[in-house]
Amino acid sequence: MGIGIEVVGLFKYFGSVAAVNDISFSVKEQEFYSLLGPSGCGKTTTLRCIAGLEQPSKGSIKIGDRVMSSASEGICIPPEKRGIGMVFQNYAVWPHMNVEQNISYPLRITKVPSEKVRDRVNEVMDMLKLTGLGKRFPSELSGGQQQRVALGRALSIKPAIMLLDEPLSNLDAKLREQMRFELKDLQRNTGIAILYVTHDQVEAMAMSDRVAIMKDGVIIQEGKPLDIYKNPKEKFVADFIGTTNFIECDVIGSSASSTDIRLESGSTFTVPEATDIRGRCTLALRPEDIELSAEGTDGFEAEVEVGIFLGNVIDYRIKIGNSKLRVQSTVATMFRPGDKVRAKVGRVVLFN
Amino acid sequence: MSSPNGKLTARESNALDMRYVFLALTGALFVGIIVYPLYHVLAKSFVSGSGLSLANYVKVFSNPTNFKALWNSIWMSATTSVIAMVAGTSLALFVIRTDIPCKNLLRIMLLMPYAIPPFIGAIAWTQLFGPAGYISKAYINLFGSYDVPWNIYSTGGIVLVMAMYQFPVVFITVSGALGRLDPSFEEASRMSGANAFKTMRDVTIPLVMPSIMAGTLLAFVGAISNFGIPALLGFRARFYVLTTRIYSALAIPDMPLATAMAVLLAITAGAALFVQIKFEKGQSRYTVISGKSVRPQTISLGKWRMPIFFMVVAVSLFASIVPMASMLLTSVLKYWGAPIKLSNLTLKHFSYVFNLEMARRALKNSFILAVLAATVTMALGAVVSYMSVKAKMKAAVVLDIVGTFPYAVPCTVIAIAMILAWSKPPIMLYGTLWIMLAAYLVRYMPFSIRTTRATLQQIHSSLEEAARMSGAGWLQTMRHIVVPLIKPGLIAGWILVFMPAFRELTMSVLLWSQGNETIGVVIYNMQDAGNTQIAAAISSIVLLLILVGNVIVRKVSKGQVGL
Amino acid sequence: MLRRTLMVVIASLFLIGIVFAASAAETIVLYTSVPIELATKFADEFMKEYKDIKLEVFRAGSTDVINKIWAENEAGGIKGDVLWLADAAAYYTFRDKGLLLAYKSPEATNVPMELKDPNGYFTGARIINMIIGVNTSLIKDKSKVKTWADLLAYGKKAAMANPLYSGSNFMVTATFVKNSGGWLWFEDARKKEMQVLRGNADVARGLAAGEFAVAMVLDYMVNDYKKQGAPVEIIWPEDGTISIPSPVAIISVTKKVAASKCFIDFVLSRKGQELMVKDGVLPVRGDVAPPAGMPTLDKIKLMPIPFEWAAENTTMLRETFEKKVMY
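What counts, and at which threshold
- Residues numbered from 1 in each chain as written.
- Chains lettered and ligands numbered in written order.
- Predicted model: local features only at pLDDT ≥ 70, side-chain atom pairs only at ≥ 80, totals over all residues.
- Heavy atoms only, no water.
- Pairing = 2+ DSSP bridges.
- Helix = DSSP H or I, 4+ residues; strand = E, 2+ residues; numbered from the N terminus.
- Axes fitted to C-alpha atoms, helices over the stretch in contact; angles between N-to-C directions.
- Contact = heavy atoms within 4.5 Å.
- Buried area = accessible area lost by both parts, 1.4 Å probe.
- Salt bridge = Lys/Arg side-chain N within 4 Å of Asp/Glu carboxyl O.
- Polar contact = N/O pair within 3.5 Å; in protein donor to acceptor, adjacent residues only side chain to side chain.
- Nonpolar A, V, L, I, M, F, W, Y, C, P; charged D, E, K, R; others polar.
- Domains from an automatic or database assignment.
- Patch = residues over 30% accessible without salt bridge, like charges linked within 9 Å, V, L, I, M, F, W, Y side chains within 5 Å.
- Areas by Shrake-Rupley, 256 points an atom, 1.4 Å probe, with all protein chains shown as cover.
- Buried < 20%, exposed > 50% of the residue type's maximum accessible area, 1.4 Å probe, protein only.
- Parallel < 35°, antiparallel > 145°, perpendicular 65-115°, else oblique.
- Left-handed = near helix turned anticlockwise from the far one by under 90°.
- Expected span 1.5 Å × (residues − 1).
- Arc of directions from axis to C-beta.
- Disulfide = S-S within 2.5 Å.
- Core = buried A, V, L, I, M, F, W, Y, C linked by side-chain atoms within 4.5 Å.
- Right-handed = clockwise from strand over helix to strand, strands pointing away.

Residues and elements named next belong to chain A. Ordered by their spatial adjacency, five strands build an open sheet running β16-β20-β17-β18-β19, and the pairing between neighbours is antiparallel. Each edge of the open sheet is held by one strand with a lone partner, namely β16 (290–293) and β19 (323–329). Pairs of neighbouring strands in the sheet enclose a mean axial angle of 45°, with direction left out of account. Bridge count between β16 and strand β20 (residues 340–345): four bridges; the pairing is antiparallel. Each bridged residue has a counterpart across the sheet, and for Ile-290 the counterpart in β20 is Val-345.

Okay, here's the thing in structure tokens:
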């Protein structure tokens, strides 16, 4: 145990298009690391380069202290020699083999003695709650069970590294939530490093020790989930992570701990964030960071357009000038459409 | 493979070299088997006397007989395909779209002529409608006349028999499109106030029009490339088409003339196929194909239901059961034309066939050829399809095209290519069994590539990648994952090549030699020399084998392939 | 799948091996236009007599066999060893081009002079007569059909074989054209749509089945159908039967001279001739009785056949026939 991944200056071209455009990051031992981004951002390609399923155009990949791929040295270890476990988006459970055969395949192919294969398969099946399903074929399993078989197959050789390519995206919502916990537990219990690829920010936030946000083949921001959530470096990140309102505005003054803002509608207010920006800027506001009240002088004045009761929160859409904002309020009183309210702003981020 | 420092180089390590070896071998084979002989036909057609010239083509167009054969080929095929279009489309509409009973059975019966070799069908039709045929005799007895008012040995006879073997092509393409047509288009038309008939006329038929045209053009190509029917019915009618003229030109032998006619035949068929592909693309552009073949709503025919049902039954009986029954009857009659009664029945023709060394040899030859053709084409086809579909190698895409190209080349032309390429040193195959194998490989390569490609496309690449991630090398992945997964498809494809190869006539009749007869050649020669009953006995055996083969294909492919 | 395919391939290779192993005995190849049923029966009997020789039969219409011989000769060697065609004229050409091997079989002494080449390049082996066949259920009054010209009255219901394919009909064509000095009969036949089929077996079959009322056809074929119960009769035409001595010969390039000679001996032997008689064919030997109900040659009015002229004018005859009748 105790092996990580190190990617340095990775490029991957398809024709003249750079799917991965100079990416560097490292996954530490026992870490749960996610590549998060919209489809086509290059996250899966990066993963496949690490797996050895794609040959990088430039850059190097190290697992532990073994160079797996280095374009400059002309090295590219074939996937089967990398000792990595991988779970595919569509599970790729072989339909012509039963559960046991699927899980034991990596062991059998490396010529592990058959008693050991049996022990390990039973161990993995116990761990993944597949006991008793050994003789079933994939077509006789539910989606969740197939998912576990795919996991079991990846885990059976006790890899130091596991790559997961959107493994939960084909499951229904309930199962997905449950699997998140199970994956996290699994990683904690086995102590392996996991590189996880997803477009689902909730998934990434929930499980990862660190997240890298990708767009157009590059990593835009990397860090702990909460840090990224709180301090998105770019508008894109703010938009991609959680729900964010964006408002065009002008900075009209600032101090060490606050900034004065003027909206297009003319109303002005002060936010508790310092900034260097002057003039035109974009204000990013999380829905839960806006507090509505019937009266007061804090923040700005707005009009309620519609409010939907969701149980734990009320989801409002409010209007200020030409802009519309989403607000999630926990206040017990429910405003009606047309009500004039004061919107008090908590944390904000300002972008150029 | 490791270099001294334990590192693997990119080329060695990625098992890419292994694939390139496979691909290079296949590529070399393709050039040798397909490109080289076909190039010969084209080249030879422009050579006359000492140098390059158009003299051979001038000969085709200046000799009225040859020119007439070209013209005959075109109009015979055009007429045939129009009849096939009308029959195939209306039968498809009736069987797929209306509420007539026994639809599944009718569908199978209507597809059956597709499995009967056309030349065997032509023999059966002469036994039915020929001057001494069963139906002709019945007519003469019924009306006490001296002769029948029809003549199967005529252009009309050729066109009708040909149409009988081409309409299933239209039927298959049109019923496929109809089955996938989103019913809401028709429902919308009914809701707009159109009745069933108007809906069919204004909505259904226009929407499947590209498929109708594509099927019709396939029928055209099938007709113009056919040799057996115009050979068995046309010589007596003094009606010659390109395929039969090429056969005669080779008997003289006038090779340059044969090649010129062959190139003209290939151009005509190729042009038709080119347009056909356009239509096929056109059909897929209509996004009406939902991919599901659920058909909840059918048109109620009302009082027309039973009359139309009986009409469809009559057509399907005539297309399938009747010719086979007449073939079987002929094979057990004492002599051709003997009155049908118990005392005139005999199995002597079967026992003759079983004792006839030529027949046994032909059976064996056809079996060997078909087994080898099916095995080799499936193996090469699988390699090419894998490399182009899965490995996405550019060179493989080129091979894919090269391997599919012979589909547009009529069999007669392929046979000529074989004679030109393989009857001189360094490779002398002419006069041996292997020249027919070479021809079969060219002919059936497209079948193999098509089926293997379709099979491989259904297999997600992640299944392979999962094996690589599990520690399996490329060859192990092939052995443990890819081959087992495509096995049913490979077996079905194998049989789909085996069956037509087993009873092939058009190429074999130009390539066979003493001791190297095939079943098709023996049947053709027997019929041609007047041994109708021996031909019928062998044909019955072949038909039986085809039916059994079909049942096996259906079993193996779980109803996906076969009739 | 792979394993099974491999097994099939191996099995096929075995089969091929067996074929080669089986051909260990000396094999001679007969190129012939004799109907396949007759030819195979003959081959079987021959192989019973000569156990260490295997006879393979290549059977096609005379013209196809002749084309094959020319083509193979061009390509460096005829693959057949013995030859037995109906087109007697072709033998003159073959002889003159040196394609035949002279052999005076001891059995040939019983064959009349006019049926064999004086130097032994070929010897008549069976006599086939081109006669008029009638279907008696379609023609109740046989006396209406007496001469070759009477055939023409039946239009589509009359038939003949194609001389471009059949050797015996080529001989008929040459004889008609030479004797009448022109193509009138054929032109008339074309006008009245007489049916031209490929081979004589095809014509006989159609006659027996009632496809045709009358036909120009070979005598023994009509006899055969008659024996099986078909309503057919032979008419010996008043203007003359064309009687063809279908000869046997040895190909000069054969490497199996001894075995080939055995075949010639067998065909001309009493046993061989009696075999043919059983199938209704007239024998060439005076000491073998003709089939029951068949007249001997001296009882029939014959039309003289211009063998040498036919051999010299083969191309002209073929081309003219094709032009006048086939289009």
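So, next bit.
It is common to give the size of an interface as the accessible area that goes away when the parts come together. Listed as interface residues are 46 residues of chain B and, on the opposing side, 49 residues of chain C. A buried area of about 4,300 Å², summed over both sides, lies between chain B and chain C, and 56% of it is on carbon and sulfur atoms. Where chain B meets chain C, there are two salt bridges. A salt bridge links Lys54(C) to Glu357(B); its shortest N-O distance comes to 3.5 Å. On inspection of chain B and its partner chain C, the count reaches nine residue pairs in polar contact (both at pLDDT 80 or more). Mapped onto the side of chain B that touches chain C, the elements with two or more residues apiece are α11 (228–237), α12 (242–251), α15 (348–355), α16 (357–390), α21 (474–502), α23 (519–528) and α24 (532–556) of chain B. Top contributing element to the side of chain B that touches chain C by residue count: α16(B), with eight residues. Residue composition of the side of chain B that touches chain C, grouped by class: 25 nonpolar, nine polar and 12 charged.

This next bit is on the domain arrangement of chain C. All names here are of chain C. Taken as a whole, chain C is organised into domain 1 (23–125 + 245–291) and domain 2 (128–243 + 303–326). A C-alpha centroid distance of 25 Å is found between domain 1 and domain 2. Contacts between domain 1 and domain 2 engage 23 residues on the former and 21 residues on the latter. Roughly 1,700 Å² is buried in total at the junction of domain 1 and domain 2, and carbon and sulfur atoms are behind 56% of that figure. On the domain 1 side of the contact with domain 2, Thr-63, Ala-89 and Tyr-92 bury the most area, a combined 26% of that side's loss. Close ionic contact of Arg-318 with Asp-87 constitutes a salt bridge, the shortest N to O distance being 3.9 Å. Connecting domain 1 to domain 2 are five residue pairs in polar contact (both at pLDDT 80 or more).

To continue, consider the interface of chain B and chain A. In this assembly, 25 residues from chain B lie in contact with 27 residues from chain A. Counting the contacts that link chain B with chain A gives two salt bridges. Glu80(A) serves as the salt-bridge partner of Arg468(B), at 2.7 Å between the closest nitrogen and oxygen. At the junction of chain B and chain A, the tally comes to seven residue pairs in polar contact (both at pLDDT 80 or more). Of all elements in the fold, only α1 (10–13), α20 (461–469) and α21 of chain B reach the threshold of two or more residues within the side of chain B that touches chain A.

This paragraph deals with a nonpolar patch on the surface. Residue and element names in this part refer to chain B. Taken together, Leu-42, Phe-46, Val-47, Leu-52, Leu-54 and Val-58 make up a surface patch of nonpolar side chains, about 560 Å² in accessible area. Among the secondary structure elements, Leu-54 is positioned in the loop between β2 (51–52) and α3 (55–62). Owing to a relative accessible area of 51%, Leu-54 belongs among the exposed residues under this scheme.

Right, let's talk about the packing of helix α14 (residues 305–332) of chain B against α24(B) for a bit. In a packed pair of helices, the relevant descriptors are the angle between the two axes and the axis-to-axis distance. Residues and elements named next belong to chain B. Viewed as axis vectors pointing N to C, α14 and α24 meet at an angle of 130°, and their least axial separation amounts to 8 Å. In this view, α14 runs oblique relative to α24, as classed from their interaxial angle. Of the two elements, α14 crosses α24, and the hand of that crossing is left-handed. Packed against α14, whose contacting residues are Met-324, Met-327, Leu-328, Thr-330 and Ser-331, the element α24 presents Thr-532, Gln-533, Ala-536, Ala-537, Ser-539, Ser-540, Leu-543 and Leu-547 at the interface.

On to helix α3 (residues 114–127) of chain A, then. All names here are of chain A. With 14 residues, α3 extends 20 Å between its outermost C-alpha atoms, agreeing within 8% with the 20 Å of an ideal straight helix rising 1.5 Å per residue. Among the residues of α3, those classed as buried are Val-117, Arg-120, Val-121, Val-124 and Met-125. On an axial view of α3, the arc spanned by its buried residues comes to 135°, and they lie on one face. Counted as exposed and oriented over 90 degrees from the buried face of α3: Lys-116 and Arg-118. Check the buried side of α3 and you find it contacts α2 (99–109) and α4 (143–155). Where α3 ends, the next residue or the one after it, Lys-129, has phi of about 60°, a positive value.

Residues and elements named next belong to chain B. Mapped onto the elements, Thr-204 comes out in helix α10 (residues 196–225). By relative accessible area, which is 1% here, Thr-204 ends up buried. When sequence neighbours within four positions are dropped, the list of residues in contact with Thr-204 reads Leu-93, Arg-97, Leu-178, Leu-181, Glu-186 and Thr-199.

Residues and elements named next belong to chain A. For the structure on display, the rule yields zero disulfides over all chains. You can see Cys-41 has no disulfide; the closest cysteine sulfur is in Cys-49, sitting 13 Å from it. The cysteine Cys-76 is free of any disulfide, with Cys-49 supplying the nearest cysteine sulfur at 8.5 Å. Residue Cys-76 is classed as buried on the basis of its relative accessible area, which comes to 0%.

Let's shift gears to the sheet that holds strand β10 (residues 210–215) of chain A. Residue and element names in this part refer to chain A. Taking strand neighbours across the sheet as the criterion, the six strands line up as β7-β8-β9-β3-β10-β11 in an open arrangement whose pairing is mixed. Looking at strand neighbours, the two that pair on one side only are β7 (84–87) and β11 (218–223), the edges of this open sheet. When strand polarity is set aside, the average angle formed by the axes of neighbouring strands in this sheet is 20°.

Secondary-structure assignment places Asn169(C) in helix α6 (residues 167–180). Residues contacting Asn169(C), with those up to four places away along its chain left out, are Met130(C), Met160(C), Ala161(C), Asn162(C), Pro163(C), Asn200(C) and Met216(C).

You will see that Lys129(A), though not glycine, has its phi angle at about 60°, which is positive. Position of Lys129(A) among the secondary structure elements: in the loop between α3 and α4. On the basis of relative accessible area, Lys129(A) is assigned to the exposed category, the value being 57%. A positive phi angle, near 55°, is found at Cys102(B), a position not held by glycine. As for its placement among the helices and strands, Cys102(B) is situated in the loop between α4 (64–97) and α5 (103–111). Using a relative accessible area of 46% as the deciding quantity, one classes Cys102(B) as partly exposed.

On to α16(B), then. Residues and elements named next belong to chain B. If you check α16, its first and last C-alpha atoms are 48 Å apart, about what 34 residues at 1.5 Å a residue would give, namely 50 Å. Taking burial as the measure, the 34 residues of α16 include 27 buried ones, the bulk of the element. Following α16 by one or two positions, Lys-392 adopts a phi angle in the positive range, close to 50°.

This brings us to the nonpolar core. Of all hydrophobic cores here, the largest spans 355 residues; its most connected members are Ile50(A), Leu163(A), Leu195(A), Leu83(C), Trp84(C), Trp148(C) and Trp185(C). No other element matches α16(B), which puts 18 residues into this core. Contacts of Leu195(A), omitting those with residues within four sequence positions, involve Ile5(A), Phe25(A), Val27(A), Tyr33(A), Leu35(A), Leu47(A), Ile50(A), Met162(A), Leu163(A) and Leu164(A). If you look at the next biggest cluster of nonpolar residues, it comprises 31 residues, including Tyr91(A), Leu107(A), Val124(A) and Tyr196(A).

All names here are of chain A. Between α2 and α4, the shortest axis-to-axis distance is 7 Å and the interhelical angle comes to 25°. As the angle between them shows, α2 and α4 are arranged roughly parallel. As α2 runs across α4, the sense of the crossing is right-handed. Across from Val-99, Asn-102, Ile-103 and Pro-106 in α2, the residues of α4 making contact are Val-149, Gly-152 and Arg-153.

This brings us to the pairing of strand β2 (residues 53–59) of chain C. All names here are of chain C. Buried residues dominate β2, accounting for seven of its seven residues. On β2, burial covers both faces: Ile-53, Leu-55, Val-57 and Arg-59 on one face and Lys-54, Glu-56 and Phe-58 on the other are all buried. Considered for its hand, the β-α-β crossover made up of strand β1 (residues 26–32), helix α2 (residues 36–49) and β2 is right-handed.

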